[in-house]
Amino acid sequence: MTTAVPALKVEHVAIHFGGLVALSDLNFTVDEGEIVSLIGPNGAGKTTAFNIVTGFLAPTHGSVSYRGTPLDGLKPHQIADIGLVRTFQRTSVFPNDTIYDNLLIGLHRQSRVHLPEALLGLPRARLTERKVRERAHELAEWVGLGRRIHDLAGSLSYGEQRLVGVALALAAGPSMLLLDEPVSGMNASETHTFVELIRNIRSRGVTILLVEHDMPMVMSVSDRIVVLNYGRIIAEGPPDTIRNDPAVIEAYLGKAAVHA
Amino acid sequence: MSEFLQHLVNMLVLGGTYALLGIGLTLIFGIMNVVNFTHGVLYTFGAYMMFIVVQQLGMNFFLALPVAVVAGWALGAIIELTLLRPLRGSDIDTTMLVMIGAWIAMQSGALWIWGGVAKSVATPFPEAPLVIGPVSVSWLRLFVLAAAALLIVATYLLINRTKLGCAMRATFQDHDTASLMGVNVDLIYPSTFAIGSSLAAAAGALLGPVYVIFPQMGDLAAVKAFAIVILGGLGNITGAVIGGFILALAEELGAGYVSSGYRDAMGFLIIIAVLIARPTGLFARSERVG
Amino acid sequence: MKLIATLVSIAALASVPLWLRDPYLMNALITTGIFIIGAMSLNLLLGFTGQLSLGHVAFFGIGAYTSALTSLGFDIGVFGDFHIVHEPWPPIAGFFLAIVVAGLCGYLVGRLSFRVRGAYFVIVTISFAEVVRLVALNWIELTQGPLALNNIRSIAIPLPGLSELVIRTKLHNYYLVLTVAVIAYVLIARLVRSHFGRAMRGLMENETLAVSVGIDVTRTLTLAAVISAAIAGAAGSLYAHYIRIIDPDIFAFINTVTMVIMVISGGKGSLAGPIVGGLIFGLMPVFLRPIMAPEAQWIAYGGVLIVILFLLPRGIVPSFSRLLSKQRGQAPAPDGMAFAKNDAKEPA
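Residues numbered from 1 in each chain as written. Chains lettered and ligands numbered in written order. Predicted model: local features only at pLDDT ≥ 70, side-chain atom pairs only at ≥ 80, totals over all residues.

Chemist: Before we go on, may I ask you to explain the pairing of strand E8 (residues 207–211) of chain A in this structure?
Modeler: One face of the sheet, then the other: side chains in a regular strand alternate in exactly this way. Residues and elements named next belong to chain A. The element E8 is extensively covered by neighbouring structure, given that five of its five residues are classed as buried. Covered by surrounding structure in E8 are Thr 207, Leu 209 and Val 211 together with Ile 208 and Leu 210, the residues of both alternating faces. Alignment of strand E7 (residues 176–180) against E8, held across five bridges, turns out to be parallel. Counted as the bridge partner of Leu 178 is Leu 209 from E8. (Buried ≥ 20, exposed ≤ 12 C-beta atoms within 10 Å, placed from the backbone. Helix = DSSP H or I, 4+ residues; strand = E, 2+ residues; numbered from the N terminus. Pairing = 2+ DSSP bridges.)

Chemist: Would you mind going over the interface of chain B and chain C with me for this structure?
Modeler: Quoted interface sizes are often the accessible area lost when the parts come together. At the interface, 32 residues of chain B touch 32 residues of chain C. At the level of elements, helix H4 (92–114), helix H9 (217–232) and helix H11 (265–277) of chain B are the ones that each hand at least two residues to the side of chain B that touches chain C. The biggest single contributor to the side of chain B that touches chain C is H4(B), with 15 residues. Residues that form the side of chain B that touches chain C fall into these classes: 25 nonpolar, five polar and two charged. (Contact = placed C-beta atoms within 7 Å. Nonpolar A, V, L, I, M, F, W, Y, C, P; charged D, E, K, R; others polar.)

Chemist: Is there a simple way to explain the interface of chain A and chain C in this structure?
Modeler: Taken together, the contacts link 35 residues of chain A with 28 residues of chain C. Of all the elements in the fold, those that place two or more residues in the side of chain A that touches chain C are helix H2 (76–81), strand E6 (84–86), helix H3 (99–106), helix H4 (115–120) and helix H6 (158–171) of chain A. The element best represented in the side of chain A that touches chain C is H3(A), accounting for five residues. The residue makeup of the side of chain A that touches chain C, split by class, is 17 nonpolar, 10 polar and eight charged.

Chemist: Explanation requested: the sheet that holds strand E2 (residues 20–31) of chain A in the structure shown.
Modeler: Remark on secondary structure: sheet strands pair via backbone hydrogen bonds, oriented parallel or antiparallel. All names here are of chain A. Taken together, four strands build an open sheet; the order of strands is E2-E1-E4-E5 and the sheet is antiparallel. Two strands bound the open sheet, and with one partner strand each, they are E2 and strand E5 (69–70). Across two bridges, the pairing between strand E4 (residues 61–66) and E5 is antiparallel. Across the sheet, residue Ser 65 finds its bridge partner in E5, namely Pro 70.

Chemist: Can you walk me through the nonpolar core in this structure?
Modeler: A general trend in soluble globular proteins is that nonpolar side chains are found buried together. Leu103(A), Ala167(A), Ala201(B) and Ile271(B) are the most contacted members of the largest nonpolar core, which totals 284 residues. For this core, the two domains that each supply at least three residues are domain 1 (6–89 + 175–258) and domain 2 (94–155) of chain A. (Core = buried A, V, L, I, M, F, W, Y, C linked by C-beta atoms within 7 Å. Domains from an automatic or database assignment.)

Chemist: Help me understand the domain arrangement of chain A in this model?
Modeler: Segmentation of chain A into domains returns domain 1 (6–89 + 175–258) and domain 2 (94–155). Computed over C-alpha atoms, the centres of domain 1 of chain A and domain 2 of chain A are 30 Å apart.

Chemist: Even after reading the chapter, I still don't get the pairing of strand E1 (residues 6–17) of chain A, so can you show me in this structure?
Modeler: Residues and elements named next belong to chain A. The pairing of E1 with E2 spans eight bridges and is antiparallel. The residue bridging Ile 15 from the neighbouring strand is Leu 23, located in E2. Between E1 and E2, which pair antiparallel one after the other, the connecting turn spans two residues, and Gly 18 there sits at a positive phi close to 65 degrees. Relative to E4, E1 is paired through five bridges, and the arrangement is antiparallel. Considered in E4, the bridge of Lys 9 is made with Ser 65.

And the structure:
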């Protein structure tokens, strides 16, 4: 077993909205190559924590750093540049574009050329374009939607859109992927496919942090689970530990369930 | 010093009518989220109404004013029902462009009907101005100030003391919740647009006799209305009133002490300066969260 | 297929002066062509980046004035006795300078647009254009104000080895405008199909999502604004050297509205849209002139804009191509989708 190298570090993060303390003194790490899930009852602060880590919200205290680089004050596109890419729960795709065009947009970071070269159609620019288009096809194949690559993303089923959303995030070439309730609204077989996909992504060296409600899915895919309640971490550890942790059971099911 | 006092008096007169313009637009822009490019045309319409009623129909000047206001109200309602209601739910760009189309058509219509030559309206006030110490103000302008103040107070009462006003405020704060609570949006929207338009028409009816009346007079008025709305914050009536007076003051001081040619630029410069400094306006009431 | 259609169109347009003799129509075609270049540049901001900039005429006018003043020379006094004197330069220099200066203004607007979004942005752009108009009107020492800048010289293109080609006649101007229009079209098409174009589209469709994959909003908007403004400035310069007299009325809001109508009716976000819209609304006055007074025409244009927004909100070209693909049994191409066209034939 290789030694764990921390990738994402969340240190003493707290956030206040006026008088409301949404998160207080959050501390956890995600190691390189891990799959970590962030769970907790509704209102526990998972989404808030997620938005802070991905740069969409600034914490009142504390800091988040990725591979040693603090994310303080970085804009979302800069955070993507250092390798952290997130998916979205609701609008996860560009609905009026084909899957192909969606992926091409996602491949923005990989397709950078100098503007004059692009406008003049110089060979170097054309080569980059060709490579990017090939990659778009690869990504579509990889999530199983290769045959539908020229369909409008908005015409896909909910589960398929989520797959495109993940492919879109992967297109940006992340070293760490942050998934926002990726399987919410999916049926059992779609969820199963998704779990395989996540494992596949991790085996290619991408670290994964996900926020989710679906407990069986979380239990089956995570290396470690971090449990939030009322804005603070109440438990942390591998799935088996969490499954039996009284604090977690109480948080979800109430005191009586602990003694059941 | 006396010059400054004179500017101040002029500012009060002008500010009152600007406030009417601003209140009208901030209601429409705030409650309906429509970038109303026809607001200037309604201003022009109010002025031409005065011309028709006083000069062409020979009616009493003081009766003409309510006629102009009611006509503005009616035109506003027609615009909302024919152009905006069918497009409800479209993106803001589409409605904006439709408003531009209506503006072009209506202004060209005015040009076609009345021609480009400026018209003036006879007023029943004595020529000699009222002189108080170092300051002089014409009776007409005093009347304008009084009428504007009356209309502002009436609008306040409408918005804050009536059921309709309450419904309008609720719709402004949260459209969906308001309709879930039983507010009839199909009634609120045309009412809002009509009221806002009537205020613009009132401003035009008041200022038309002060200056002259020509088809493009509403263009500048429209921009000034937007400047006032931006100054005062969307949907903020008090802000619109304050904004109206600030704009009038800036224009008076700018014209008096800088250059009269750039007087009308004051409104534009204010818009640009305020939005660069505070992109949500000076007195923005609610910040969007999330 | 598309390439052939494009080449045929260009050839057809190029042949026009050979059979069209009416100077009035030629004049209309030339000014229409200039406005089409302006409309194409507006489309870049409005249709491909989703920024409703209604001050576009400012870039056009600034280009016109820059070019005119560069070729006429000027002498202005600043801070008392200190004078800035500019000797007249060849008009062709004015053309390129117009592109640069307009582009710079586009840069300012682009940076501004990042801070101020949505309806407020629209208002700011309108204000910007009006301020420019008032400056042109009042800074008489520089611009002659309402007295206008006249006797602007025609552009002369230096030909290596030979003497220069002076663009004096309508024939010359027509071909110059056509050339610039084709160059502008190709430039915009290439831009839209490049990764910059995709970034613009991503921003327009879903900014939050676009930003999460690394698209820089400010940079993209600014780039679009600069290129859009520069092309508009080029059009302005062509206008100044063709009409040879310009006054502050060039900044009238009605000129922005004309370009907006051309873009919206033709189809924003489509490359051919502004051209179709431009030809229709640029040439309509010519055909309506015998039957309708100008004011009545404008009533009609306002009405047409409204009707198009109600019935064909996407514009003529996209609605037409949608109809065509339905007839062929294909799924309609998505809005504004130039990216995938090249590989449509690749196996799935």
